[in-house]
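# Inside the fold
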Amino acid sequence: MAIVYQRPHALLDVPTHYCPGCTHGVIHKLVAEVIDELGIEGNTVGVVPVGCSVMAYDYFACDAVEAPHGRAPAVATGLKRAIPTNVVFTYQGDGDLAAIGTAETVHSATRGENITVIFVNNGIYGMTGGQMAPTTLPGQVTQTTPYGRDTDIAGYPIRVCEMLSTLSGVAYAERVAVDSVPNIKKAKAAIKKAFTAQIEGKGFSIVEVLSTCPTNWGFTPVEAIQWLRDNMMPYYPLGVYMDRTEEGVKHNA
Amino acid sequence: MASNQKVLMKGNEALAEAAIQAGCHHFFGYPITPQTEVAAYMSKRMPKIGGTYLQAESEVAAINMVLGAASAGVRAMTSSSSPGISLKSEGISYIAGSDLPCLIINVQRGGPGLGGIQPSQSDYWQATRAPGHGDLHILVFAPSTIQEMVDMVFDAFENADRYRMPAMILADGMLGQMMEPVVFPEKKVVTFDKESWATNGHKNQRPHNIVNSLYLQATELERKVKERFERYEVIKAKEARAEEYLVDDAELVVVAYGATSRIARSAINSARAKGVKVGLIRPQTLWPYPSAVIAKAAQTAKAFLTVEMSMGQMVDDVRLAVNGKAPVSFFGHTGGVIPTPAEVLSEIEKLTGGDR
Amino acid sequence: MAKMSVNDNICKGCGLCIHVCPKKIIVLNKTVLNAKGYHPAKVDEMDKCIGCAMCAVMCPDCAITVEK
């Protein structure tokens, strides 16, 4: 018998600290599979955020740096400028990327920084126990929106791919989900396209992945998948928001 | 810039040129008066040598770009002035907690808040006590001439690499803006092997390297911090530096650093001309602090006077070093109001009983 | 002839593999409790496995290996 599916080399054989059914693990796996398929583990450096995925440096087999909250794109910029032949990716949650780190996100994107951002959007702060995130949906109940997110008070969620797609430095922006096997395969293709764009020097690439947080959403893992489909996917439509992977972003005034 | 040739240079530009000559090819900055010439100079020179000059979106981003570049194992630096250093303090803490080397330049201006844009020394506490949150120190160098700024940039990079920690040049607006003749020494840049920790890609030849400051196990965190503090003890024993001027027979010892030490020196010369036995101790490193030099002087001197461009910050360290053996007084002005030699002379005379 | 195997130590018993299995042959093994306190997934009727690996693709913990 031949092996049809096994753990990718770029994902170390250690148990993760994620809750049962949390799809962070799926996204880790996809990033690792792409690293394997592109044969880049030896020259890839990951930058991990503050939040649930803070300890991802223990899971990926490539070199990794743990950045201050929200600063992963700035840290990645330093790593990439120091050794441009390395492949540098950030792995960030919604609080990290779209709240405290908004400036770093927007400016690394508009600079066309040749890095890849894996943005995990689950609409909640997981590590601190389920508070409102910048991507928490209107009406969504969290620990700090106990009556549901009131947009009169807390404003509206940020649609990151849509926002970044207005910037000239963005080579690739796609939103995917990991709610089903077909969508997981599409997510992997998007991540591979984003890494490839970087390797070819095309500019900033981001893949936003809609992900679940069963624990803090208060659902079983299977219910969480359904909640993501019913609530997040209508608000955050899947698709390619920018694709300059052919021409790149240089001289893209 | 040719070596061993005397040139007239502005302090900020000399700092920048020295950094390049010390092997720093990665600069991440953000404009703020009175240090902006550092960034401007870097933006002019870096493209010519294939280096990186990047104007970040904020001081916060700039220090984190330094964190990234330092993680990759290259010499990296940033430069700012007081309000900007406050913004960098988060990154400085992470860099210290990740055992990364880098250089941070603070061309101080008056504070607190937006304060003013004139020279000041009111970030002494910040630099030596709390450059960021947590149990940590950074190396702090205090130059008093443009030449010393150049020399200390080399030393700062070297010791930052040697001890794997951030180093700071604590200058002020006066040193940053003034021009003096300077010689760029033909210094051999000492390099360090960073392969055991740098996140520069493992090339399938070693286990992955991790640059990190997170230790969720409290005992592990304590072990890391204690390990760092053992290193700090070595640094305290080996790297504290001070210049002594006419201290041997001094009854009064003035302690001053940076630009203020130049003013103090003029006042001391005037006092000596009048027969007053006064000398100067000029700390060249503020962390580690040259406490031993001051403690030794306290065995013979009858009094100490600290002069600063602040409300009195370094005076704390002078008092700790003197340890009650003699009275320690303070004279100073805050941001932009530069003490005059006449004022300092008058303080000296007050403390030594006036004209003899 | 296909085979799926679960690393009992890593599996968290989340049930996502059960949810996506087209043959509905995966169950949680209530007789086993791993070190983390979870009932790991297992397949009793392995002869029905078609080796599609959907369980492994969905598994957040990389606990499943599929052979065919």
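Residues numbered from 1 in each chain as written. Chains lettered and ligands numbered in written order. Predicted model: local features only at pLDDT ≥ 70, side-chain atom pairs only at ≥ 80, totals over all residues.

With that settled, consider the overall build of chain C. Across its full length, chain C holds two helices and four strands. Ordered by position from the N terminus, the helices and strands of chain C form the series β-α-β-β-α-β. Relative to the globule expectation of 11 Å for 68 residues, the C-alpha radius of gyration of chain C, 11 Å, shows essentially globular dimensions. Dimensions along the principal axes, computed over C-alpha positions, put chain C at roughly 30 × 20 × 20 Å. When the 68 residues of chain C are sorted by exposure, 44% land in the buried category. (Helix = DSSP H or I, 4+ residues; strand = E, 2+ residues; numbered from the N terminus. Rg over C-alpha atoms; globule rule 2.2 N^0.38 Å. Buried ≥ 20, exposed ≤ 12 C-beta atoms within 10 Å, placed from the backbone.)

Residue and element names in this part refer to chain B. Contact pair helix α3 (residues 59–71) / helix α4 (residues 82–97): the axes reach a minimum separation of 7 Å and the direction vectors enclose 25°. It follows from the interaxial angle that α3 and α4 lie roughly parallel. Judged by the twist between their axes, the crossing of α3 over α4 is right-handed. On the side of α3, the interface is formed by Glu59, Val60, Ile63, Asn64, Val66, Leu67 and Ala70, while α4 contributes Gly84, Leu87, Lys88, Glu90, Gly91, Ile92, Tyr94 and Ile95. Of the residues belonging to the contact of α3 with α4, the class tally is nine nonpolar, three polar and three charged. (Axes fitted to C-alpha atoms, helices over the stretch in contact; angles between N-to-C directions. Parallel < 35°, antiparallel > 145°, perpendicular 65-115°, else oblique. Left-handed = near helix turned anticlockwise from the far one by under 90°. Contact = placed C-beta atoms within 7 Å. Nonpolar A, V, L, I, M, F, W, Y, C, P; charged D, E, K, R; others polar.)

Turning our eyes to something else, we now look at the arrangement of the chains. Contacts are most numerous between chains A and B, taken over all two pairs of chains that touch. The two units chain B and chain C remain apart, with a minimum C-alpha distance of 18 Å.

Moving on: the environment of B:Ser291. Residue and element names in this part refer to chain B. Mapped onto the elements of the fold, Ser291 is located in helix α10 (residues 291–297). Along the backbone, Ser291 and Glu180 are 111 residues apart, and their C-alpha atoms lie at a distance of 30 Å. Excluding residues within four positions of it along the chain, Ser291 makes contact with Leu320 and Ala321.

What follows deals with the pairing of strand β15 (residues 328–332) of chain B. All names here are of chain B. Most of β15 sits inside the fold, with four of its five residues counted as buried. Where strand β14 (residues 303–308) meets β15, five bridges bridge the pair, whose relative direction is parallel. Bridge pairing in β15 links Thr306 to Phe330. (Pairing = 2+ DSSP bridges.)

Residues and elements named next belong to chain A. Counting buried positions along strand β9 (residues 204–210) gives seven out of seven residues, so the element sits mostly inside the fold. Judged by which residues are buried, β9 turns out to be covered on both faces: Phe204, Ile206, Glu208 and Leu210 on one side and Ser205, Val207 and Val209 on the other are all buried. Where strand β8 (residues 170–177) and β9 come together, seven bridges link them in parallel fashion. Residue Ala177 lies in a different strand from β9, and its bridge partner there is Leu210.

Looking now at the interface of chain A and chain C. Contact with chain A, which involves 23 residues of that partner, is made by 25 residues of chain C. Residue assignment for the side of chain A that touches chain C shows that the elements contributing at least two residues are β1 (3–5), α1 (24–38), α7 (181–199) and α9 (221–235) of chain A. Broken down by element, the residue count for the side of chain A that touches chain C peaks at four residues, all from α1(A). Of the residues belonging to the side of chain A that touches chain C, the class tally is 15 nonpolar, six polar and two charged.

Across soluble globular proteins, you tend to see nonpolar side chains buried next to one another. Ranked by internal contacts, the top residues of the largest apolar core, which has 224 residues, are B:Val153, B:Val254 and C:Cys55. The element that contributes the greatest number of residues to this core is helix α6 (residues 146–163) of chain B, accounting for 10 residues. Once residues lying within four places of it in the same chain are set aside, the contact partners of B:Val153 are B:Leu15, B:Ala18, B:Ala19, B:Ala22 and B:Ile169. (Core = buried A, V, L, I, M, F, W, Y, C linked by C-beta atoms within 7 Å.)

Attention now goes to the packing of helix α1 (residues 11–21) of chain B against α6(B). All names here are of chain B. At their nearest, the axes of α1 and α6 sit 9 Å apart, and the two run at 25° to each other. Comparing their axes, α6 and α1 come out roughly parallel. Note that α1 runs across α6; the crossing there is right-handed. Counted together, Gly11, Ala14, Leu15, Ala18 and Ala19 of α1 and Ile146, Met149, Val150, Val153 and Phe154 of α6 form the full contact between these two elements. Residue composition of the contact of α1 with α6, by class: nine nonpolar, one polar and no charged.

Okay, the confidence of the model for chain C next. Averaged over every residue, the pLDDT of chain C is 96; the share at 70 or more is 100%. For this predicted complex, the interface confidence score (ipTM) comes to 0.97, while the overall pTM stands at 0.97. (pLDDT = per-residue confidence, 0-100.)

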